[in-house]
Amino acid sequence: MREDTRRWIEGDQARCWHPFTRQAEWCGRGHEPLVLVRGEGSWLWDSEGRRYLDGNSSIWTNIHGHAHPAINAAIQKQLGKVAHTSFLGFTHPLAAELAERLCGFFPAPTMERVFFSDDGSTAVECALKMALQFRLQTGQPTRNGFVAFANGYHGDTLGAASLGGVGRFFEHFRGMGYPVHHVGSMDELRNLPTENIAGVVIEPLIQGVNEMRPWPAGMLADLRKWCDATGVHLILDEVMTGFGRTGEMFACQRENVIPDFLCLAKGLTGGYLPLAATLTTGKIYDAFLGAADRAFYYGHSYTANPLGCAAALASLDVFETEKTLAHLPEKIARLASGLAALKSRHPLVHETRQCGFIAGIELRRPDGEKFPPGERFGEAVCLAARAHGLLTRPILDTIVLMPPLSTRLEEIDHAINALDLALGQ
Ligand SMILES: *Cc1c(COP(=O)(O)O)cnc(C)c1O
């Protein structure tokens, strides 16, 4: 190991604290974290000069590949002007342009306003608070509850975490956040009294942290109909599914659904900078007009960060110049045949799940039983795949495969091959 790699790892282990990480293990003898130092296209390099395919798009963020010349240039151009200015009391050119472009993905007059924040959790928090304040300002103060789906994930700030339905993520904080009803299906939802519900939150088409589990086709359209009938607002969390992952620009477009709130983050900047957006309708917005105390009481220091907006606009441009969505069907088909090959070759592959360019590969014992959780089999397979040039993380024993949308066909094959070799071991 190189001297500076050793030094970086020691420095990290001495002072850093990683998300969702057992620190004792991370800092323990025998664990050598990868130090990632460079990226280009779908590839990342570590400090020892080894190259890996970015199999989970750097935790579901990257869209057009790393160090994309157009996105880099856009960020650099803005950096030459100013890195950050306050959106509280001022505006800037790129925020106005980005808000217009985002609303433009939806038929007028539907999504009409964009509230910027920093990441997925804050995009969701913002939707919740907007939905609540809307009810207060429209004479419905008792409509202050939310419904979310079992096994959903909407972020880790306390409000977003209250919506979360994945036990191991949220059990420590149960009861300390906002009270939320969790339902498992549309049928359960239909049985709920609705007069006190402000909104229902869902990850459309596929639940990410729930081991990449797609919803039944048509469910989202049914949910929209239920919302229309009950007056409950539909809050779509497209933090993971947005920006082409499902094959559509936004997952809701697959079922022609227009939400009341749309939460975007991860892929918004192409995966370059933390920026989020909560889109909403003119009807919601109008309830915040008029007297001064109707202002929306919410904001963050880095709201509408200009570098983030520059990256986001450049990323939207790349969708056009590279015809990203038009090239996806072929890649989605290649991924599907790769998954089918893995399933046919390896008895440990219990099920593969795919939604567009997002895949989950669930591993179980050959008799169909789950591995004991303590065995951490998924992690072991990902570690083995790393030695074959693929970086990804499992969710329990489901291996996530969702490389950048720019990933080429032969790079998809490389990822499948790395998993094939890892499973063979
Ligand atoms: C990642 C994610 C979030 C949280 O986003 P952060 O940027 O990590 O705060 C929320 N919802 C979904 C569906 C996600 O995948």
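Just so you know, these numbers come straight off a predicted model, no measurement behind them. (Residues numbered from 1 in each chain as written. Predicted model: local features only at pLDDT ≥ 70, side-chain atom pairs only at ≥ 80, totals over all residues. Heavy atoms only, no water.)

**Student:** An account of the sheet that holds strand 17 (residues 398-401) is requested, with residue identities and associated values reported.
**Tutor:** Overall, antiparallel pairing links the 4 strands, which are arranged 13-14-17-16 in an open sheet. Each edge of the sheet is formed by a strand with only one pairing partner; in this case those strands are strand 13 (349-355) and strand 16 (394-395). The pairing of strand 14 (residues 358-363) with strand 17 spans 4 bridges and is classified as antiparallel. Across the sheet, residue Glu362 finds its bridge partner in strand 17, namely Thr398. Here helix 15 (residues 409-424) sits on the sheet in contact with strand 13, strand 14 and strand 17, set at roughly 160° to strand 17. (Pairing = 2+ DSSP bridges. Helix = DSSP H or I, 4+ residues; strand = E, 2+ residues; numbered from the N terminus. Contact = heavy atoms within 4.5 Å. Axes fitted to C-alpha atoms, helices over the stretch in contact; angles between N-to-C directions.)

**Student:** Provide a residue-level description of the pattern of salt bridges, including the pertinent values.
**Tutor:** Overall, the coordinates contain 18 salt bridges when judged by the stated rule. Where Asp260 meets Arg224, a salt bridge forms, and the shortest distance between an N and an O atom there is 3.2 Å. Taken together, the residues span a long stretch of sequence, with Asp260 in the loop between strand 10 (233-237) and strand 11 (261-264) and Arg224 in helix 10 (residues 219-230) at a distance of 36 residues. The salt bridge involving Asp367 is made with Arg365; its shortest N-O contact spans 2.9 Å. Its relative accessible area of 32% is what places Arg365 among the partly exposed residues. (Salt bridge = Lys/Arg side-chain N within 4 Å of Asp/Glu carboxyl O. Buried < 20%, exposed > 50% of the residue type's maximum accessible area, 1.4 Å probe, protein only.)

**Student:** Give me the lowdown on the site of the ligand, citing residues and values where you can.
**Tutor:** If you check the shell around the ligand, you find Trp60, Asp119, Gly120, Ser121, Tyr153, His154, Gly155, Glu203, Asp237, Val239, Met240 and Lys266 and nothing else. Asp237 has a polar side-chain atom sitting 2.6 Å from a nitrogen atom of the ligand. With respect to the ligand, the side chain of Lys266 contributes an N or O atom lying 2.6 Å from an oxygen atom. For the shell around the ligand, the class distribution of residues is 4 nonpolar, 4 polar and 4 charged. (Near = heavy atom within 4 Å. Polar contact = N/O pair within 3.5 Å; in protein donor to acceptor, adjacent residues only side chain to side chain. Nonpolar A, V, L, I, M, F, W, Y, C, P; charged D, E, K, R; others polar.)

**Student:** So what's going on with the environment of Gln23? Residues and values would help.
**Tutor:** Structurally, Gln23 can be placed in helix 2 (residues 23-26). Note: C-alpha distance between Gln23 and Phe90 (67 residues apart in sequence) is 42 Å. Aside from chain neighbours lying at most four places away, what touches Gln23 is Cys16, Trp17 and His18.

Functional significance is not addressed by these values, which are geometric in nature.
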